[in-house]
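# Commentary on secondary and tertiary structure
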Amino acid sequence: MLKFNNLWCYEAVRLREQRPPAVDDHKANEQALASSSDLSGRLIARAQVLASDTGLQTAFVEARSAMRYSALAVSALGLLAGISAAMASLGDSTQPVNVIWALVSLLLLPTLMLLIWLASFMVSSETGGWFGRIWQLTLGRLLGSGSRAIAWQAWLALVQQARSERWWLGLLTHTIWFSVLLGMVLAMFTAFSLRHYTFVWQTTWLSDGVFVQFAQAVGAWPSSLGFTVPDVQTIRDSGNVALDAPGARLAWANWLIGAVVVFGLLPRLLAMMASALMLRHLHRRLRLRSDDAYALAIGHKLERLTARSQVDGPPGAQESWPQILGIAPEDARTDAVVAVLEASLGDDVHSQVGVQTTILPPIDDRASRKQAQERLSQLKPKRLLVVVDARQTPDRGLIRTLIGLGSQAVSTRVLLLHPEDARARLPVWHERLEAIGLPTDTTSSDVVLTWLRGNSP
Amino acid sequence: MSQMDQPLRIAVVGHTNTGKTSLLRTLTRDRLFGAVNDAPGTTRHVQSASVMLDGQPALVWYDTPGIEDSVALRDYIETIGDGVTRLDGHDRIERFLQDPIAQTTFEQEHRVLVQAMQSDALLYVVDARDRVLAKHRDELYLLQACARPVLPVLSFVASPQADTKPWVQVFARQGMHMHLLFDSVSPPMNGQQMMYDTLGQLLADHRPLFSALSRSVVQQRRDRVNAAIESLAGLCVTVASLNVMVKDETDAIEQAITKQQDGVRALEKVFVDQTLSLYEFSLQDYLPATEGWSLGQWQADVFSEKTLAALGIKLGTGAAVGAAAGAVVDVLSAGLSLGTGTLIGAAAGSAWQGIDRFGKDIAAKWRGQRALMISDAVVLAIATRNIRLIAALEQRGHASYRPVVLDNAKDTATSFDHAALLAALAPVRQQSVKHELLSLMGSQPSTVAATQAAKQVLMQASVLQPLTVDGLH
């Protein structure tokens, strides 16, 4: 596939991906990663896979043939137009052909259009002129909607990017005009071969000298290509009344064809070639832009796939916790004990705890954990209240300590401090407390402290 | 170890629920990395994420499960030994890792320590809002025993409840004199850079690697902003050049206006989708998929007067600014169809909201047709809010859950040169005498050139300046 076609395919896939429904690019991404190591190569490879998946590949073929056939059709029309123009200006051979008149009528329009094309270089336009616009619009209509329209739009976008629109359309217009002029030349050859024409120039008030000079000037370049120019005498004698000498007729016919070839056909051929060369040059310079938003986004996507994260093994099993089994009520030695676990007991709660209730020193590090455990094993309370901070995460250490403490009391409840704080993790606490068999109505200090004082519930 | 052969390995460790995974999401710009949940033990295995440099993995981050019972673990580790040989912390950790019983009791901690011992450095993440507790000190002891350089990272520092001082003191007591403040939910714009620069100081042997990573982060940010602005410029050009001819009848005009407005909305949606995917966010994760284009703030309809006012653009101003730039209707068509005054009036009137209507050329007038274009005000509004979208996305952490909301700050409306943008778009807006003449010659203005010109103007937007400079802290 040519390089231009690769870029065309990429551009079309970009347009396709911008509209719903979304394309499944899973396979394309894998293949892109396998195909190349640089981003541009991967983008092209990905686009090619996606293009064949989404039916764009056939759309390219169709769009290309639409372009080719439309150019052929217009060229054929041009050929016919050229033939009929030549026939019209030569007439049916009953009247002598006015050489000047015929020449001007054949060359005026093509030359004027060529000059306009050349003049368009003076304005900073990069587009293809009105003819190009009409062609683009018509072709756009012909290609309709769906994949073919995407392919066509992508082609237009690419041509804009390459700044080659003027040259594309230039190539097209020159080809058409070339076929028009070719039609003229062919028609003249045929007509001069099969019919008897005489040639004349006419004037009302100009002198012969003007025509001699004009005919010689026009014939100068064609004569270097082998087209004969009528000699001065023949030119003079062809004024107003046609000269029926075979030599003169041959010379004039040669002169007419030579002028159309040199001033019509050849310039168009050169312009065609120049356009084709410019196109090749511009398209060679065309690069895939891997720094625009689309390319970068795809690049990120592909990089994510290569840098796909790995794990060290299956995730660990979810924790399973033993239920707290308190001591038997008859083993209890004291009424109530408060333990503060990785939290600080506020004055408001502190003041509501009865004087007979033992408050253990705050539990934080391993020494205080151990101490609390030992104190509790001596105290063996009926009711143990463990105060924790709801903002803390109920991690394994906390829960393990809680189980250890709870197993030294008849019944245990938890008071969560700061339950209204935005960072309080109440759902997680409730879940964990439930798992170890503790009541979960833990946020109201009134309820919990009433319980601690020995009143139900 | 040569940094070229094998990527550098850094494990992210810390107490459970401190935002290790969030930190990595932000650092790797991958919002799908790992699992995040406000519960302990959300991350239950070690997960890696590679940072690429020139297509090669240069650095691998390891997200580890949270340490949950460092107090008991330290207790356990300190009982290791035969009572004869003197063991230091590192020896004990090594013996702990060989211990089959430890692997079941301290399954998660075991995984963390295995990874820590296999890494070149550790990031210790703490929630700066937490009080320093004994368990944290024991965690630091355990990590210290792994004999790896540790960089403490204080997260959630943007919170008013954050108190970094006690933490810094604890780090110092463990001989860690370097730390980093990093909020993964609203990370500093140069967060990745700060991380690499600090690590470069901590791991002096790998400084070239970290400065290369830091440079690549800056380069990537520039590339992103550049690409996003270019595609915004393309959107502006496309919207500005929309142009339909309709019959000069109320029904036909109404219909055409609705169609054109829908077209603009669709174009903007394509742009937003593209930009979100450039920033590796997605519409469906952050915005209601269907109502997204009628609800919320920044996605408010661009054709409503309210939206324009919120963006600091008054209807009519656009055209007035355009007049100042010489971009308004040329004498030719103004004289023959609607005058400039009518144009502004039409833009301000609710019936033709957002669509400027004026006879484009004489031929159209003869055929009894009207040319409809999108008004300057709407083009400016689209540019303004999408510049702000780009700036917001650039500064958004990949750990963030809240949708992008653009504030109504009026000052941002002047963040770029409105007149210059309209001047850049003028060639495709077909409003000058010169254009009319050129178009008779069959010349069409190049959208590529207009896009480049518009991009130059948009890149100067003040909100983008901090994003495109090196911006080292």
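Quick notes on the rules
- Residues numbered from 1 in each chain as written.
- Chains lettered and ligands numbered in written order.
- Predicted model: local features only at pLDDT ≥ 70, side-chain atom pairs only at ≥ 80, totals over all residues.
- Heavy atoms only, no water.
- Helix = DSSP H or I, 4+ residues; strand = E, 2+ residues; numbered from the N terminus.
- Buried < 20%, exposed > 50% of the residue type's maximum accessible area, 1.4 Å probe, protein only.
- Contact = heavy atoms within 4.5 Å.
- Areas by Shrake-Rupley, 256 points an atom, 1.4 Å probe, with all protein chains shown as cover.
- Phe/Tyr/Trp six-rings, centres within 6.5 Å; stacked < 30°, edge-to-face > 60°.
- Lys NZ or Arg CZ within 6 Å of the ring centre and 35° of its normal.
- pLDDT = per-residue confidence, 0-100.
- Expected span 1.5 Å × (residues − 1).
- Bend = angle between axes of the 7 residues up to and from the residue.
- Polar contact = N/O pair within 3.5 Å; in protein donor to acceptor, adjacent residues only side chain to side chain.
- Buried area = accessible area lost by both parts, 1.4 Å probe.
- Salt bridge = Lys/Arg side-chain N within 4 Å of Asp/Glu carboxyl O.
- Nonpolar A, V, L, I, M, F, W, Y, C, P; charged D, E, K, R; others polar.
- Core = buried A, V, L, I, M, F, W, Y, C linked by side-chain atoms within 4.5 Å.

### A word on the overall build of chain B
Broken down by element type, chain B carries 21 helices and nine strands. Burial statistics for chain B: of 473 residues in total, 57% are counted as buried. For chain B, long-range pairs separated by at least 24 residues make up 73% of all intrachain contacts whose partners lie at least 6 apart in sequence. Taken as a whole, chain B presents about 18,800 Å² of accessible surface, with 54% of it coming from carbon and sulfur.

### Quick word on the packing of aromatic side chains
For the coordinates displayed, the defined rule picks out 17 aromatic pairs over all chains. Geometrically, the ring pair formed by W252 of chain A and W255 of chain A is edge-to-face, given 5.3 Å between the ring centres and 85° between the ring planes. Placement of the pair is W252 of chain A and W255 of chain A together in helix 11 (residues 246–285), with a separation of three residues, close to one helical turn. Considering the side-chain rings of Y196 of chain B and F210 of chain B, the 6.3 Å spacing of their centres and the 35° angle between planes classify their relative orientation as tilted. Remark: F210 of chain B occurs in helix 9 (residues 207–241) and Y196 of chain B occurs in helix 8 (residues 191–202); sequence separation between them is 14 residues. Here Y196 of chain B matches F210 of chain B in class, with each residue buried. The cationic tip of R413 of chain A hangs over the ring face of W451 of chain A; the distance from NZ or CZ to the ring centre is 5.5 Å.

### A word on the confidence of the model for chain A
For chain A, per-residue confidence averages 86 on the pLDDT scale, and residues scoring 70 or more make up 96% of the total. At the level of individual helices and strands, chain A shows its lowest average pLDDT in helix 6 (residues 129–143) of chain A, which scores 70, and its highest in helix 11 of chain A, which scores 92.

### Section: helix 5 (residues 99–119) of chain A
All names here are of chain A. With 21 residues, helix 5 extends 29 Å between its outermost C-alpha atoms, agreeing within 8% with the 30 Å of an ideal straight helix rising 1.5 Å per residue. Maximal helix bending in helix 5 amounts to about 40°, located at L108; proline P110 follows within four positions. Within helix 5 the residues assigned to the buried category are V99, I100, A102, L103, L106, L107, P110, M113, L114 and W117. The distance from a side-chain oxygen at the start of helix 5 to the backbone nitrogen of I100 is 3.3 Å, and the residue carrying that oxygen is N98.

### Structural notes on the interface of chain A and chain B
The interface of chain A with chain B comprises 55 residues on the first partner and 60 residues on the second. Both sides of the chain A and chain B interface together cover about 5,000 Å² of buried area, and 44% of this is carbon and sulfur. Between R304 of chain A and E280 of chain B there is a salt bridge, and its shortest N-O distance comes to 3.0 Å. Counting across the interface, chain A meets chain B through 21 residue pairs in polar contact (both at pLDDT 80 or more). Secondary structure elements with two or more residues in the side of chain A that touches chain B: helix 6, helix 7 (147–162), helix 12 (293–306), helix 14 (366–379), helix 15 (396–406) and helix 16 (426–435) of chain A. Take the side of chain A that touches chain B: its biggest share by element is eight residues, from helix 12 of chain A. In the side of chain A that touches chain B, the residues fall into 15 nonpolar, 18 polar and 22 charged.

### Describing the nonpolar core
Counting residues in hydrophobic clusters, the biggest one holds 46 residues, and the most contacted among them are I229, L232, F416, L421 and L458 of chain B. Counting residues per element, the ones that place at least two in this core are helix 12 of chain A together with helix 9, helix 10 (250–278), helix 17 (376–394), helix 18 (418–429) and helix 20 (447–459) of chain B. With 11 residues, helix 9 of chain B is the single largest residue contributor to this core. The residues contacting L232 of chain B, other than those within four sequence positions of it, are F271, I382, A383, N386, I387, I390 and L458 of chain B. The next biggest cluster of nonpolar side chains, apart from the first, holds 42 residues, and it includes V23, L50, A51 and I176 of chain A.

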